[in-house]
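Secondary and tertiary structure notes
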Amino acid sequence: MIRQMQLEDYEAVYNLWTNTKGMGMRSLDDSKEGISKFLARNPETNFVAIKDDSIVGVILSGHDGRRGYIYHMAVKEDVRGQGYGKILLDKAIEALKNEGIHKAALVVFETNNLGNHFWEKHGFTSRTDLIYRNKSLNESNL
């Protein structure tokens, strides 16, 4: 079963993220408070996959009114290959389209071979003409 993510899912989702190889976590952005803000801003575009009353997958997605962004997709290792990732991705893309978004982007660590393979398989191309830059606006936000 796939349903919208609720803040009450945070502990199970955070546990999944921190136990998924290749995930990058930030102390403030990925805290319960940070995720609460994200869910409030993007209430229709975040989903969890449930199997046997347990969260086995998650995808965060949102937008700025112009571009959609996908963050922190993870599927428990013991249920990978059963279609949860594709279903979660399809739900997030459908939700973004319903909000008038026409293009989505994401960031994957270069060393995350499994993640990169998944995204490429589902039509996300790699851009070699861009340089990704960021700046922490809060020095304690690691």
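In this report, we go over the structure that sits alongside the text. These figures come from a predicted structure and were not determined experimentally.

Definitions and cut-offs
Every chain begins its residue count from 1, and numbering advances along the sequence as written. The model is predicted, so local features are restricted to residues of pLDDT at least 70 and side-chain atom pairs to those at 80 or more, both for listing and for counting; the totals for chains, interfaces and linings are taken over all residues. As a convention, hydrogens and water are excluded, and side-chain values are obtained from all of the structure's heavy atoms. Strands are runs of DSSP state E lasting at least 2 residues, helices are runs of H or I lasting at least 4, and numbering of each runs from the N terminus. As defined in this context, the radius of gyration uses C-alpha atoms, and a globule is described by 2.2 Å times the residue total to the power 0.38. Under the scheme applied here, a residue whose accessible area is under 20% of the maximum for its type counts as buried, over 50% as exposed, and between as partly exposed, the area being computed with a 1.4 Å probe on protein chains only. Whether two residues are in contact is decided by their heavy atoms, any of which lying within 4.5 Å being enough. Exposure was quantified through the Shrake-Rupley algorithm and a 1.4 Å probe, taking into account, for residues, occlusion by the shown protein chains and nothing else. Charge counting treats Lys and Arg as positive and Asp and Glu as negative, with His and both chain ends excluded. Where a charge sits is defined by one atom per residue type, namely NZ (Lys), CZ (Arg), CG (Asp) or CD (Glu). Polar contact is defined as a pair of N or O atoms within 3.5 Å, subject to the rule that within protein one atom must be able to donate a hydrogen and the other to accept it, and that residues adjacent in sequence are counted only when both atoms are side-chain atoms.

The next point concerns the overall build of the chain. Of the regular secondary structure elements, the chain holds four helices and five strands. Reading the secondary structure of the chain in the N-to-C direction produces β-α-α-β-β-β-α-β-α. For 142 residues, the compact-globule formula gives about 14 Å, and the C-alpha radius of gyration of the chain, at 15 Å, lands near that figure. The principal-axis extent of the C-alpha atoms belonging to the chain is close to 40 × 35 × 35 Å. Of all 142 residues assigned to the chain, the portion counted as buried reaches 35%. Restricting the contact set of the chain to residue pairs at least 6 apart, pairs at least 24 apart contribute 61%. Accessible surface computed for the chain: about 9500 Å², of which carbon and sulfur atoms make up 50%. Mean positive and mean negative side-chain charge positions of the chain (19 and 19 charges, respectively) differ by 6 Å.

Another aspect to go through is unusual backbone geometry. The phi dihedral of D52 falls on the positive side, at around 50 degrees, and the residue is not glycine. By relative accessible area, which is 69% here, D52 ends up exposed. Its identity is not glycine, yet H72 carries a phi of approximately 50 degrees, on the positive side. As for its position among the elements, H72 is in strand β4 (residues 68-75). Among the residues examined, H72 registers a relative accessible area of 18% and is labelled buried.

A separate point is the side chain of N46. Here N46 is to be found in the loop between α2 (32-41) and β2 (47-51). With relative accessibility at 0%, the residue N46 sits in the buried group. Of note is the side chain of N46, whose polar atom sits 2.8 Å from the backbone nitrogen of S61. Setting aside residues no more than four positions away along its own chain, N46 makes contact with R3, Q4, M5, F38, L39, I59, L60 and S61.

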